[in-house]
Amino acid sequence: MIEFHLDSRSGVATYLQIVQQVKESLRLGTIDVGDQLPTVREVVADLAINPNTVAKAYRELEREGLVVARQGRGTFVASTLAPASLSHYDELREQLERWLAAADAVGLDEESIKALISSTLRERLARRVA
Amino acid sequence: MTGPLVARGLGKRFRREWALRDCTLSIPAGGIVGLAGPNAAGKSTLLALATGLLAPTEGSIEVLGRDPLRRPELLADVGFVAQGAPLYRSFSVADTIEFARRTNPRWDDEIGAELLTRIDSRTKVGALSAGDRARVALALVLGKRPQLLLLDEPFAGLDPLAGREFLQLLMDGVAETSSTVVIASHVIADIERVCDHIVLLSGGQVRLEGNVEELLDSHRILMGPRRPLGTIRGVRQIVRERHSGRQLTLLVTADGAIVDPSWTVEHVGLEELLLAYMAPERLRTPQAPEKVPLRWHG
């Protein structure tokens, strides 16, 4: 069964962290159709979080059709998230590796690379909105 | 306004000092509300008004739709743990539970029993550790199956492990009873894990109130080179402005996405947000020394 963990420093809302962890497990195939998610009380007692938060995360997953709640029995996985674009990952990763090697060659450290990527993403977003 | 706890223009004065003033708020049913603020902000005063232990100097307070002073019977639906979890020290744990069983019209033995399994019921309350005393207090209030649960600084005196355990038991109890909970705490880290609604008091006034997610969603930290401030697209209001050297850091309320590439935009944590609203004047960043020479204002 999936076990949730929380990163209180991440700035990501707790319910979203739960949603993301379920999705990640679905992508990785560690949970599959028919598997049961922990009950709200189990998660609450384990993580010391607000029951409303867990309920909200499960509702969100249900809204997206990933799980179904069965009255009195619990919440079960209803569909999986096999990534359709997985085939492109390898190629993209290869290109990224080459780019990173080029950045390395001109002396950019990890922090500078991250800063460059995030500022490029922001500029791209700004252009798209403008 | 309706809700389990509604205050309208509520104020309480002790001699010439206002402990609470102009307090208007309504907490949502089923919420877990963090009542935050520094010491002497008015948190305990608000809880004492909510339980009818104090009478308002002005304004009004309604708890579960009724006036706690005139309708004390509503307290059967309210669980209140005052600061330090005061209990009868000479009672044994069993006596304490028996007392609660006989004095509460609805008493749920199961909730209490679950919380107290690892405590010897013959122990005198005065001999319990702080963590176990907190457990007993929690068993007492949850056993009432209250609609509204008020806790004043429940983490004070608990070590981190006992604090986390208390929170787990509290949340488990709340999942069972569906109570609305108000947790007063001056340590934001203790409550940010659980609360979905915040009431921030400071100097006896409500500084910020709202749904935690919405508050975090509507605020952003902007960092960038220092410059004259014009309008920034996507920013509704600047809450706090701090500069150090050539760097400018803004806490703003956002109006949609902020896409200005000259700013680094970050989410704000609850603690930082509350500190900014708590005392903006106290948090001003020291100016660069060459700009503001030290002067003696004696």
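Residues numbered from 1 in each chain as written. Chains lettered and ligands numbered in written order. Predicted model: local features only at pLDDT ≥ 70, side-chain atom pairs only at ≥ 80, totals over all residues.

Some remarks on the domain arrangement of chain B
All names here are of chain B.
Thinking step 1. With domains assigned, chain B is organised as domain 1 (5-203) and domain 2 (214-283).
Thinking step 2. On a C-alpha basis, the centres of domain 1 and domain 2 stand 35 Å from each other.
Thinking step 3. If you look at the interface, domain 1 gives 9 residues, while domain 2 gives 7 residues.
Thinking step 4. For the side of domain 1 that touches domain 2, the secondary-structure elements that each account for two or more residues are α6 (188-191) and β8 (197-202).
Thinking step 5. Of the residues forming the side of domain 1 that touches domain 2, the biggest block, 3 residues, is contributed by β8. (Domains from an automatic or database assignment. Contact = placed C-beta atoms within 7 Å. Helix = DSSP H or I, 4+ residues; strand = E, 2+ residues; numbered from the N terminus.)

Here's the deal with the domain arrangement of chain A
Thinking step 1. Once the domains are mapped, chain A shows domain 1 (14-77) and domain 2 (86-129).
Thinking step 2. Each of domain 1 of chain A and domain 2 of chain A has a C-alpha centre, and the two are 33 Å apart.

Notes on the confidence of the model for chain B
A low pLDDT means the predicted coordinates there should not be read in detail.
Residue and element names in this part refer to chain B.
Thinking step 1. Mean pLDDT over chain B stands at 89; residues scoring 70 or higher make up 93%.
Thinking step 2. Counting interchain partners and residues more than four positions distant, the pLDDT-below-50 stretch residues 282-293 has 9 contacts.
Thinking step 3. Across the whole predicted complex the pTM is 0.80, and at the interface the ipTM reaches 0.73. (pLDDT = per-residue confidence, 0-100.)

Some remarks on the packing of helix α2 (residues 40-47) of chain A against helix α5 (residues 160-177) of chain B
For any two helices packed against each other, one specifies the crossing angle of their axes together with the interaxial distance.
Thinking step 1. It is at 7 Å that the axes of α2(A) and α5(B) come closest, and there the two elements cross at 160°. As the angle between them shows, α2(A) and α5(B) are arranged roughly antiparallel. When the axes of α2(A) and α5(B) are compared, the crossing they make is right-handed. Counting all contacts with α2(A), which are made through A:Val40, A:Arg41, A:Val44 and A:Ala45, the residues of α5(B) involved are B:Gln168, B:Met171, B:Asp172 and B:Ala175.
Thinking step 2. Its residues placed into classes, the contact of α2(A) with α5(B) shows 5 nonpolar, 1 polar and 2 charged. (Axes fitted to C-alpha atoms, helices over the stretch in contact; angles between N-to-C directions. Parallel < 35°, antiparallel > 145°, perpendicular 65-115°, else oblique. Left-handed = near helix turned anticlockwise from the far one by under 90°. Nonpolar A, V, L, I, M, F, W, Y, C, P; charged D, E, K, R; others polar.)

Notes on the nonpolar core
Residues and elements named next belong to chain B.
Thinking step 1. Among the nonpolar cores identified, the biggest contains 100 residues, and Leu 35, Leu 138, Ala 139, Leu 150, Met 171, Val 182 and Leu 200 are the most heavily contacted of them.
Thinking step 2. Among the elements that take part in this core, helix α4 (residues 130-143) stands out by supplying 8 residues, more than any other.
Thinking step 3. If we skip the residues at most four places from it in the chain, Ala 139 touches Ile 97, Ile 111, Gly 112, Leu 115 and Leu 116. (Core = buried A, V, L, I, M, F, W, Y, C linked by C-beta atoms within 7 Å. Buried ≥ 20, exposed ≤ 12 C-beta atoms within 10 Å, placed from the backbone.)

Some words on the pairing of strand β11 (residues 235-244) of chain B
Residues and elements named next belong to chain B.
Thinking step 1. In the sheet, β11 pairs with strand β12 (residues 247-254) via 8 bridges, with the strands oriented antiparallel. Bridge assignment links Ser 244 to a residue of β12, and that residue is Gln 247.
Thinking step 2. Between the antiparallel neighbours β11 and β12 lie 2 residues, among them Gly 245 with a positive phi of about 60°. (Pairing = 2+ DSSP bridges.)

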